[in-house]
Amino acid sequence: MAAKSDGAAVSVEDDNTPRSLSEPGIPAARPRCSALGGKPYTVLDCCWVLCALLVFFSDGATDLWLAADYYLRGDYWWFGLTLVFVVVPSAVVQILSFRWFMYDYSDLSCGDGAASGNGSGAVAAGGAATASDTLSTKDSDQRGGSAAAGNAANATPVYTASAPPATAGRVGGPRRCCIVCMWVFQAVLHVLQLGQVWRYIHALYLGAQSRWHRSGPLHHFHWRLMFESADITMLRLLEAFLKSAPQLVLQLSIMIHGNIVHPLQGLSASASLVSLAWMIASYQKVLRDSRDDKLSMSYKAVITQMLWHFFTIGARTVAFALFASVFQLYFGIFIVSHWCVMTFWIIQGETDFCMSKWEEIIYNMVVGIIYIFCWFNVKEGQSRFRMTVYYSVTLAENVALTAAWYTYRGQQTSDSSALVVVCLVACSFALGTFFMLVYYCWLHPDGPVLGSQWGGCVDEGVVGAGSVVGVIDSCITPSQGSQTDMVITSPPRTLPRTKDTGEPVPGERDKDRDRDSCLPVFQVRPSPSSSPALLHRTSSSSRAQEGPVIRIDLPRKRYPAWDAHFIDRRLRKTILILETTSAVSPRIQYRCSMMGSKEVLEYETTV
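Let me sum up the structure you'll find in this document. Note that the structure is predicted; figures quoted are calculated from it, not measured.

Attention now goes to the nonpolar core. Grouped together as the largest cluster of nonpolar side chains are 103 residues, with contacts concentrated most on Phe241, Trp308, Phe320, Tyr371, Phe376 and Trp562. For this core, the leading source of residues is helix 6 (residues 222-258), giving 16 residues. For Trp562, the contacting residues outside a window of four places in its chain are Ala230, Thr233, Met234, Tyr283, Val286, Leu287, Ser290, Arg291, Phe353, Lys557 and Ile567. Formed by five residues, the second largest nonpolar core is a distinct cluster that contains Tyr70, Leu250, Ile254 and Leu264.

This is the structure we're talking about:
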C-alpha cells in the first residue's frame with residue numbers, strides 16, 4: 001500500500017514472503033525487543049492498571065465527599081470552589097475523550113469486520129494490503145508539499161490478491177443495531193464522567209486477551225493495547241494538572257487559613273497529591289513502552305519516580321498554600337508570571353509533539369501549567385542542565401514563598417508551629433531530590449548517569465548472507481537510542497599497541513577490561529562481499545517472518561515526543577486494520593529507521 005499526501009507517504013509492505021526455514025544463508029532470527037512483539041502482558045501490568053483505577057476513584061470520591069461536607073457545614077464559598085475544580089476539568093477531559101472515540105469509530109463502524117469501506121486503509125483477507133490515504137503533518141507542511149487531494153474518509157481502497165473487496169455497504173440490521181448501542185453506551189458513559197473508567201477496563205480486557213491468545217491466529221492486541229494505554233495516560237495527565245493540582249493547593253490553603261485540619265481535607269489533599277505523582281510516573285512508563293528505540297522502565301523505577309514527584313510536588317504545593325493564605329492577590333500574579341516564563345522557555349526550545357503548529361502551541365501552554373508544579377521533560381538531549389536550572393528556580397521560589405509567609409503570618413500561628421511547617425517543606429523537597437538521584441543513578445532505563453558511556457547492550461538479532469553469519473549487538477546511549485532503529489557500533493580498527501616484548505602498553509589492560517565488561521558489543525565474521533546494501537538486505541531477510549511493515553515517509557519524532565502513529569489517528573486506523581487482518585502484527589518504520597548516517601557502513605574485526 002502506498003499512501004501519498006502533501007509531501008509524506010505511507011507504504012505497507014508484507015514481509016511474510018514464502019521462504020524455507022532451511023534455506024542456506026538465512027538462519028532463524030532471534031527475538032527482537034521491538035514494537036512488533038512488545039513486552040508480554042504480565043500480572044504486574046494488570047495490578048498497575050487496577051491500582052490506577054483505585055487512585056482515580058479515590059481522588060474523585062474524596063473531592064466530592066469534601067464538597068458535600070462543605071455544603072452541609074454552610075461553607076458555600078469553599079463548596080463552590082471545590083466543586084468547580086472537580087466538574088470543569090472532568091467535563092473537559094470527557095469531551096476530549098468522546099471526541100477521540102468519535103474519530104476512531106466514525107469510519108470503522110461503517111465497515112464489516114476486517115475492512116473499512118471509507119477508512120484510512122483496507123486490507124484483503126489473505127493477501128497484501130493496498131489502499132490510499134492522505135496525511136497532513138507539520139513536517140510535510142514545512143517541506144512545502146502540495147495540498148492534500150482529500151482526507152482519510154475519501155480514500156479509495158485498492159484490493160489485491162485473490163480475496164474480494166470487503167463489502168462495506170452490506171451492513172446488516174443486527175450489526176447496525178450493535179453500532180447504535182455502542183454509540184449510546186459511550187455517550188452515557190461520558191455524560192456520567194466515566195469515560196476513563198471504560199478505557200481502563202478496555203485496557204485490562206485487551207491485556208488479558210493478548211496474554212490468553214498469544215499464539216492464536218488473527219488474535220493480535222498489541223497495537224490496540226498500546227493506543228488505549230497512551231490515550232488513558234494523556235487524558236489522566238491532563239485531568240491531574242487541571243483538577244488534582246489546583247484542588248491540592250486550594251485545600252491546603254483552606255487548612256492553613258483556618259488553622260485547623262479536618263480529616264476529609266487531609267484525605268482529599270493526600271489523594272490529589274498521589275494522583276499527580278502517579279500520573280507523571282505512569283505517563284513516562286507508557287511513553288517509553290510505546291517507543292521501540294527506548295528501553296522500558298521497570299516498576300522499581302516507576303515507583304521511585306513516583307516518590308520523587310510526590311515529595312517535590314508536596315513541598316511545592318505547601319509553599320504555594322502558605323503564601324496564598326496570606327497574599328491571595330500576589331499569589332495569583334506569581335502563578336501567572338511563572339506560567340508565562342515557563343511557557344516561553346518551552347516554546348523557544350522548539351518542541352515537536354503535535355502534528356500542527358497551533359496544536360504545538362496549545363500543548364506548550366498546557367506543559368507550562370505542569371511546570372508550575374514539577375519538572376516535565378519535553379526535549380531530547382542533555383536534560384540535566386535544564387533540570388538543574390528548573391529545580392534551582394523552584395528551590396529559590398519555595399524559599400521565598402515560605403519566608404514571606406513566615407514573616408507575615410497571622411498571630412494565631414505560633415513560632416514552633418511555623419518552624420515545623422518550614423522544616424516540612426525543606427525535608428519534603430530534600431526527599432524528592434534524593435529519590436530523583438536514586439532514579440538517575442541506579443534505576444534509569446538507559447543506565448546510570450554516572451556510569452560508563454554505554455547505556456546498555458541491546459541485541460539486534462542475527463544477520464546472515466550466504467557464508468556470512470554474524471551477531472550484531474549494539475550498545476545504545478540515551479542520545480543515540482532515539483536517532484535510529486539500529487545503531488551498529490564497530491570496534492577499533494587496529495589491535496592495541498604493544499611493546500617489542502609483547503607486553504601490552506600500560507593502561508591498555510584496563511581499557512580492555514572495561515570494554516569486555518559489556519561484551520559482546522559487536523561480533524561479525526567479515527566477508528569480501530560485505531556491503532551496506534547487502535547488510536541492509538540481509539537484515540531485512542532476517543525479519544521475513546515478522547509480518548507487514550508500515551513505512552512512513554516522515555522523520556521520526558525525537559524522544560520524549562510520541563511517535564506520529566500515536567498522535568495522528570488516521571495512521572492508527574491503518575495500523576489497527578492491518579493488525580486485524582494480518583497473521584502477524586505490523587511493524588512501524590520511519591524514514592530515519594532505515595539505513596542512515598548513524599549506522600556504520602564498514603564492518604571489520606579486531607582479532
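After that view, the rundown keeps rolling.
Right, let's talk about a nonpolar patch on the surface for a bit. On the surface, Val84, Val87, Val88 and Val92 cluster together into a nonpolar patch covering about 300 Å² of accessible area. Turning to its location among the elements, Val87 is positioned in helix 2 (residues 76-106).

A word on the packing of aromatic side chains. Both the distance between ring centres and the angle between the ring planes are used here to describe each pair of aromatic rings. For the structure shown, the criterion picks out 36 aromatic pairs. Centroid distance Phe101 to Tyr105: 4.9 Å. Interplanar angle 35°. Geometry classified as tilted. Of this pair, Phe101 and Tyr105 both sit in helix 2, four residues apart, which is roughly one turn of the helix. Ring geometry for Phe327 versus Tyr330: centroids 6.3 Å apart, planes at 70°, classification edge-to-face. Members of the aromatic cluster, connected to one another through ring pairs, are Trp223, Phe227, Tyr283, Phe376, Trp562 and Phe566. Sitting above the plane of the Tyr299 ring, Lys285 keeps its charged end 4.5 Å from the centroid. In this structure, Arg409 packs its charged tip against the face of Tyr406, placed 4.5 Å from the ring centre.

Before going further, it helps to spend a moment on the pairing of strand 6 (residues 548-552). Among the five residues in strand 6, five count as buried, and that is most of the element. Covered by surrounding structure in strand 6 are Pro548, Ile550 and Ile552 together with Val549 and Arg551, the residues of both alternating faces. Pairing between strand 6 and strand 7 (residues 587-590): four bridges, direction parallel. Across the sheet, Val549 pairs through a bridge with Arg587, a residue of strand 7.

Let us now look at the pattern of salt bridges. Throughout the structure, instances matching the rule amount to 21 salt bridges. One salt bridge connects Arg572 with Asp231, and the closest N-O pair in it is separated by 2.9 Å. In this pair, Arg572 is assigned in helix 16 (residues 569-581) and Asp231 in helix 6, connecting sequence segments 341 residues apart. Each of the two residues, Arg572 as well as Asp231, counts as buried. Asp563 is the salt-bridge partner of Arg291, the closest N and O atoms lying 3.2 Å from each other. With Arg291 in the loop between helix 7 (263-290) and helix 8 (299-324) and Asp563 in the loop between strand 6 and helix 15 (564-567), this pair connects stretches of sequence that are 272 residues apart. Both residues of the pair, Arg291 and Asp563, count as buried. Put simply, Asp104, Arg199, Glu228, Asp231, Arg569 and Arg572 are held in one network by salt bridges that share partners.

Criteria and thresholds
Residues numbered from 1 in each chain as written. Predicted model: local features only at pLDDT ≥ 70, side-chain atom pairs only at ≥ 80, totals over all residues. Heavy atoms only, no water. Core = buried A, V, L, I, M, F, W, Y, C linked by side-chain atoms within 4.5 Å. Buried < 20%, exposed > 50% of the residue type's maximum accessible area, 1.4 Å probe, protein only. Helix = DSSP H or I, 4+ residues; strand = E, 2+ residues; numbered from the N terminus. Contact = heavy atoms within 4.5 Å. Patch = residues over 30% accessible without salt bridge, like charges linked within 9 Å, V, L, I, M, F, W, Y side chains within 5 Å. Areas by Shrake-Rupley, 256 points an atom, 1.4 Å probe, with all protein chains shown as cover. Salt bridge = Lys/Arg side-chain N within 4 Å of Asp/Glu carboxyl O. Phe/Tyr/Trp six-rings, centres within 6.5 Å; stacked < 30°, edge-to-face > 60°. Lys NZ or Arg CZ within 6 Å of the ring centre and 35° of its normal. Pairing = 2+ DSSP bridges.

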